[in-house]
Amino acid sequence: MAQVGIFVGTVYGNALLVAEEAEPLLADQGHQVKIFEDPTLEEWQRYSEGVALVITSTTGQGDLPDSIAPLFHAIKDKLGHQPMLRYGVIALGDSSYDDFCGGGKKFDALLQEHAAQRVGEVLMVDATENPEPEEITSPWVDQWAKQLG
């Protein structure tokens with residue numbers, strides 16, 4: 001089973017709630033899981049040959065929350081290709097804003113540039129349609145975990 005790091009970018013706590021709901025789902029399938037609320041590059045690099053699950057909300061301007069933006073910039077500025085990394089992205093957003101799920105989309109684009117292997121599709125959760133995001137994210141995580149092997 002896989003070593004899975006869950007890297008959280010949250011403003012109001014929804015992304016952390018989703019991560020806390022995802023942790024036991026992954027563990028139940030035999031994966032070793034750890035949540036990082038203010039993730040660092042050092043923590044990210046521990047999973048360079050493992051699996052990263054990025055769960056991030058988006059600010060009103062379509063940016064990453066302050067809790068995960070430093071990690072994003074450190075990956076962008078200090079790491080090159082990460083072809084051994086497998087990852088997934090859960091993007092939380094609000095479709096009433098122009099840059100819907102921009103934070104998660106930016107993280108996915110960066111990891112694609114770095115040749116990381118995305119497992120499954122990016123899950124975009126709209127707060128206007130799903131005020132309880134875990135209703136959408138938990139079934140996705142369950143299916144995603146099965147693809148990790």
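Anything mentioned here points back to the structure above.
Predicted model, so just to flag it, every value in this text is computed and none were measured. (Residues numbered from 1 in each chain as written. Predicted model: local features only at pLDDT ≥ 70, side-chain atom pairs only at ≥ 80, totals over all residues. Heavy atoms only, no water.)

**Brief notes about the packing of aromatic side chains**
The line we're drawing: Aromatic rings from Phe, Tyr and Trp, with only the six-membered ring used for Trp, were paired whenever their centres fell within 6.5 Å, and each pair was classed as stacked if the ring planes differed by under 30 degrees, edge-to-face if by over 60, and tilted otherwise. Here a strand is any run of E in DSSP of at least two residues, a helix any run of H or I of at least four, and the numbering for each starts at the N terminus. Buried residues are those whose accessible area, probed at 1.4 Å on protein chains only, stays under 20% of the maximum for their type, while exposed residues exceed 50% and partly exposed ones sit between those limits.
One pass over the full model with this rule turns up seven aromatic pairs. Plain terms: the ring middles of F7 and Y47 are 5.8 Å apart, the flat faces sit at 85° to each other, and that makes the pair edge-to-face. Remark: Y47 occurs in the loop between α2 (41–45) and β3 (51–56) and F7 occurs in strand β1 (residues 3–9); sequence separation between them is 40 residues. Neither F7 nor Y47 differs from the other in exposure class; each is buried.

**Brief notes about the side chain of T56**
Spelled out, the test is: Whether two residues are in contact is decided by their heavy atoms: any pair within 4.5 Å suffices.
One can find T56 in strand β3. Residues in contact with T56, not counting those within four places in the same chain, are G9, A15, L64, P65, I68, I90, A91, L92, G103 and G104.

**A few points about helix α3 (residues 69–78)**
Within α3, burial applies to A69, L71, F72, A74 and I75. The elements touched by buried residues of α3 are β1, α2 and α4 (102–113).

**Considering the pattern of salt bridges**
Heads up, the condition is: Salt bridges, as used here, are contacts in which a Lys or Arg side-chain nitrogen is within 4 Å of a carboxyl oxygen on Asp or Glu.
What the rule picks out here adds up to five salt bridges. A salt bridge links K106 to D63, with the shortest nitrogen-to-oxygen separation between them at 2.9 Å. Taken as a pair, K106 in helix α4 and D63 in the loop between β3 and α3 lie far apart in primary sequence, 43 residues in all. The residue D142 makes a salt bridge to K146 at a minimum N-O spacing of 3.6 Å.

**What to know about α4**
Using the following cut-off: Multiply 1.5 Å by the residue count of a helix minus one, and that product is the helix's expected span.
Between the first and last C-alpha of α4 there are 16 Å, a value that for 12 residues agrees with the 16 Å anticipated at 1.5 Å per step. Looking at the buried side of α4, the elements it contacts are α2, β3, α3, β4 (86–93) and β5 (117–118). A115 occupies a position one or two residues after α4 and carries a positive phi of about 65°.

**Focus on the packing of helix α1 (residues 14–28) against helix α5 (residues 134–148)**
How we decide: To get an axis, a line is fitted to the C-alpha atoms, and for a helix only the part in contact is used. The angle between two axes follows their N-to-C directions and goes from 0 to 180 degrees. Just so you know how the angles are binned, under 35 degrees is roughly parallel, over 145 roughly antiparallel, 65 to 115 roughly perpendicular, and the rest oblique. Should the near helix be turned anticlockwise from the far one by less than a right angle, the crossing is left-handed, and should it be turned clockwise, the crossing is right-handed. Residue polarity is assigned by list, with Asp, Glu, Lys and Arg as charged and Ala, Val, Leu, Ile, Met, Phe, Trp, Tyr, Cys and Pro as nonpolar; anything else, Gly included, falls into the polar class.
Closest axis-to-axis distance for the α1/α5 pair is 9 Å, and the angle between their directions is 40°. One way to sum up the angle between α1 and α5 is to call them oblique. The hand of the α1/α5 crossing is right-handed. For the pair α1 and α5, contact is made by L17, V18, E21, A22, L25 and L26 and by E134, T137, S138, V141, W144, A145 and L148, respectively. By residue class, the composition of the contact of α1 with α5 is nine nonpolar, two polar and two charged.

**Here's the deal with unusual backbone geometry**
Even without glycine at this site, C101 takes up a positive phi of about 55°. Position of C101 among the secondary structure elements: in the loop between β4 and α4.

**Overview of the nonpolar core**
Heads up, the condition is: By nonpolar core is meant a set of buried Ala, Val, Leu, Ile, Met, Phe, Trp, Tyr and Cys residues that side-chain atoms within 4.5 Å join together.
Counting 25 residues, the largest nonpolar core has F7, W44, I68, L71, I75, F107 and L111 as its most contacted members. Among the elements of the structure, α2, β3, α3, β4 and α4 are those that each provide at least two residues to this core. For this core, the element with the most residues is α3, which contributes five residues. Those residues in contact with L111 that sit more than four places away from it in its chain are W44, Q82, L85, Y87 and A116. Counting 24 residues, the second largest nonpolar core, distinct from the first, contains A2, I6, V51 and L148.

**A short note on the environment of P133**
Residue position: P133 is located in the loop between β6 (123–126) and α5. Residues in contact with P133, not counting those within four places in the same chain, are N14, V18, L92 and V125.

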